[in-house]
Amino acid sequence: MGRSMQSDQITTDFPAVFPLRGHRTHEVCGPGAAGFAAACFAAVEGPVLWAVEDWRQDGLNPVALSEFRDPGQLLTARCKTQTDVLAVAEEGLRDGALGLVVAEISQPIGLTEGRRLQLAATAGKTPGLLIVPEGMGSNAAETRWRCAPYFDRQDSTLLRWSLIKNKKGTLVDWVVRWDVASRRIIVVSKVRE
Amino acid sequence: MSRRVVSLWFPRFASDRALRLRPVEGAFALTLSEGNADRLYCANAVAAGQGLAPGMTVTDARALQPGLQTRPADPRGDAGFLRALARWAGRYCPWVGLEGRDGLVLDVTGAAHLFGGEAQMLDDMRLRLSRAGLTVQLGLAGSRGGAWALARFGQGIAGPGEALRRIGPLPIAALRLEPQTCIALERLGLRSVSDLHRLPRATVTRRFGPGPLLRLDQALGEVPEAIAPLPDPPVYSTRLTLPDPIGLTGDVMAGTARLLDQLCARLKARETGARLLRLTLRRVDMGHQQVELRLASPMRDPARILPLFERGVAEVEAGFGIDQMRLEAVQVEDLPVQQLSHAQAGQGAGRLEDLMTRIGNRIGLENIHRFLPADSHIPERSFLVAPAAWSDPGGSFVALRPRPLRLFPPEPIGGAGRKPPRSFRWRAMSLTTERAAGPERIAPEWWLQEDAWRSGLRDYWKVDTRQGRRLWLYHTPQAPGWFVQGEFA
């Protein structure tokens, strides 16, 4: 891709993209998406709404979530259809009383839906995060991440977070891990592709 | 005008009610379990005639009467039925009170002539109640105690001034005394009320305290006794009738605002808050449209409730116009007045509840959950999922050992032996175990029935695969098999 030829000035630093930029919607996919959302949950203040479709079996485990932040601050909304999930997310983003809105969707969404969420996030000054299946994001998203656990012989907590869409910078891969003691993400190394 | 009181006593109240709902032939009784025994609670006339009495154990009763049919008693339902009867008795006089759990007391002073006289009024009551399937005994006297005594021991009417003549021959038990006092009086040879009345008062008081003479005076009407009528339930509804029909959303909202102000003033006066509000809009063509609003917490602040109605009102089909609006608080909860601190008084107060209400009106308020900690070492029982509108966040979660962020119902994988398999297939993926941490043995909670834990002990392993996925596997040594139950972030 020739990205290695770009100068350091326009290369994106981790603190510039994480914690997620407020007033915007972001997307995350991959097997580590829930961990990414949990890290975002820990990075914001105020209550957080997590909207899912009610047929989903893979529920969150608040005991594990407590290593990120107090799960008492999390509200989950179980919706019948994806349309309801999006509507609930829009309502939550527009209201402004929340610190973050997470929505898990299973079907691809169009530009209209993505743009509506983006406008709601701007109106409510709240960041939004969509957990999307691989390759099903919308173009309206500010950033899109692919997250997966990363196998390493020494460390069993490493995660690989790849920025695969970024409206304000370049695409970078990081290997990170969650530090339970300080409750924040620590960048272990930067992986260039 | 002298006071006139009617006492109604339903000697077989509970069984009459049960038989009204589902009649049976022959001996019948209701049972209530007390301590370790099922005892008769109320028996019908046939059973009572065969010697069955309340308080007898059911086994004794069956030995006496093998054909006895029984049903469990429902004292709460009986209490509700008695209140319904009290409302019905309002047709005779406005002053109706409850007497114990199977009687009513009516102050009919100045009301009897409306029914053609006292005897005719009692006949009317008896006729209507027997038609409804209730056995009733009636007494009418100049005092509550006198009417009580007549209803239970003599029936009939004690006219003004003849209280002693009618009540005197009745047994001592007609005075509403404690059973021990009754027995003690009877041991002294005092069989009837007039025997007690004939004794010098000072000696009775010295021997038994003021109780018996107070009851005697109340029965004879010399000491007044109040009848407490049932309070009217509070009305939480307001109505607005319009001279000309309206159809614009803004107009309907303005009308709703006016109704809401009145309703919230009523809610505030009684220190209650609405949980479920219903706005009924009547159209010119007599059609009705309803807007229901379920609130995430009890509320009585019109400024906060009104915007929540916007979504529902916008969906109303006005047709040729709306000419009557009715707002009702269908569910009401206590909401005591609270002192606000300066931090709470700002803008942020209640915003989350309002958001939950708006979301709840779309997906159902019971579908918004929050997590509460629970005391269990079983992974899927170590937390509770509670509806957020009816619970408060509380307690803290403790992860003593690594726990997966995602938990799902166990999915079987191929594998044998006590160690995690070197390679396995899960969700159509071939995975290779690179590192395994464990086992962590978790035993089922034998005091709870849980189908998923029928297979006995579980040895949990945290398995890091070469492909990256970190899974939570378990092995069931008592019924060999391997399962995936969760995935680490």
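Residues numbered from 1 in each chain as written. Chains lettered and ligands numbered in written order. Predicted model: local features only at pLDDT ≥ 70, side-chain atom pairs only at ≥ 80, totals over all residues. Heavy atoms only, no water.

Student: Please clarify how the sheet that holds strand β11 (residues 288-299) of chain B should be interpreted in this entry.
Tutor: The strands making up a sheet associate through hydrogen bonds between their backbones, and the pairing can be parallel or antiparallel. Residue and element names in this part refer to chain B. Spatial ordering of the open sheet is given by β9-β12-β10-β11, a layout of four strands whose pairing is antiparallel. With one partner strand each, in any of the chains shown, β9 (237-246) and β11 form the two edges of the open sheet. For this sheet, the mean angle separating the axes of adjacent strands, direction not counted, is 15 degrees. (Pairing = 2+ DSSP bridges. Helix = DSSP H or I, 4+ residues; strand = E, 2+ residues; numbered from the N terminus. Axes fitted to C-alpha atoms, helices over the stretch in contact; angles between N-to-C directions.)

Student: Is there a simple way to explain the packing of helix α10 (residues 201-208) of chain B against helix α11 (residues 211-220) of chain B in this structure?
Tutor: All names here are of chain B. Where α10 contacts α11, the two axes come as close as 7 Å, and the packing angle between them is 130 degrees. It follows from the interaxial angle that α10 and α11 lie oblique. Facing Arg201, Val204, Thr205 and Phe208 of α10, the residues of α11 in contact are Gly211, Pro212, Leu213 and Asp217. Looking at side-chain class alone, the contact of α10 with α11 contains four nonpolar, two polar and two charged residues. (Parallel < 35°, antiparallel > 145°, perpendicular 65-115°, else oblique. Contact = heavy atoms within 4.5 Å. Nonpolar A, V, L, I, M, F, W, Y, C, P; charged D, E, K, R; others polar.)

Student: Even after reading the chapter, I still don't get the interface of chain A and chain B, so can you show me in this structure?
Tutor: The figure often quoted for interface size is the accessible area lost as the parts come together. In this assembly, 47 residues from chain A lie in contact with 38 residues from chain B. In this assembly, chain A packs against chain B so that about 3,900 Å² is buried in total across both faces, 60% of it on carbon and sulfur atoms. Contact with chain B buries area across many residues of chain A, yet Val63(A), Leu75(A) and Phe151(A) alone supply 15% of it, more than any other trio. Seen at the junction of chain A and chain B, the total is five salt bridges. With a closest N to O distance of 3.2 Å, Asp84(A) and Arg362(B) form a salt bridge. At the surface where chain A touches chain B, the tally comes to 17 residue pairs in polar contact (both at pLDDT 80 or more). For the side of chain A that touches chain B, the secondary-structure elements that each account for two or more residues are α2 (33-43), β3 (59-60), α3 (62-65), β4 (74-79), α4 (82-95) and β8 (158-166) of chain A. The residue inventory of the side of chain A that touches chain B, partitioned by class, reads 25 nonpolar, twelve polar and ten charged. As paired strands, β3(A) and strand β15 (residues 406-413) of chain B are joined by two bridges and run antiparallel to one another. (Buried area = accessible area lost by both parts, 1.4 Å probe. Salt bridge = Lys/Arg side-chain N within 4 Å of Asp/Glu carboxyl O. Polar contact = N/O pair within 3.5 Å; in protein donor to acceptor, adjacent residues only side chain to side chain.)

Student: In this structure, what is going on with the sheet that holds strand β18 (residues 458-465) of chain B? I would like to understand it.
Tutor: The seven strands lie next to each other as β3(A)-β15(B)-β20(B)-β19(B)-β18(B)-β17(B)-β16(B), forming an open sheet whose pairing is antiparallel. The open sheet terminates on both sides in strands that have one partner only, identified here as β3 of chain A together with β16 (423-426) of chain B. Pairing of strand β19 (residues 470-475) of chain B with strand β20 (residues 482-487) of chain B involves five bridges; the strand directions are antiparallel. If you follow Trp472(B) over to β20(B), its bridge partner there is Gly486(B).

Student: Whenever I open this one, the UniProt feature "domain: UmuC" (unreviewed entry) in chain B confuses me. Can you help?
Tutor: Under the local residue numbering, the UniProt record ascribes the feature "domain: UmuC" (unreviewed entry) to residues 35-148 of chain B. Across residues 35-148 of chain B, helical content stands at 40% and strand content at 22%; the span's end C-alpha atoms are separated by 31 Å. (UniProt positions renumbered as here; feature names shortened; annotations may be inferred.)

Student: Looking at this structure, how should I read the pattern of salt bridges?
Tutor: When the charged atoms of two side chains lie near each other, side chains of opposite charge can form a pair. Residues and elements named next belong to chain B. Tallying each qualifying case throughout the model produces 42 salt bridges over all chains. Residues Arg275 and Glu333 are paired through a salt bridge, measuring 3.9 Å at the closest nitrogen-oxygen approach. With Arg275 in strand β10 (residues 272-283) and Glu333 in strand β12 (residues 322-334), this residue pair connects regions lying 58 residues apart in the sequence. Exposure remark for Arg275: the relative accessible area of 5% places this residue in the buried category. Glu333 gets classed as partly exposed once you look at its relative accessible area, which sits at 28%. Residue Asp285 is joined to Arg283 by a salt bridge in which the shortest nitrogen-to-oxygen separation is 3.2 Å. With a relative accessible area of 43%, Asp285 lands in the partly exposed category. (Buried < 20%, exposed > 50% of the residue type's maximum accessible area, 1.4 Å probe, protein only.)

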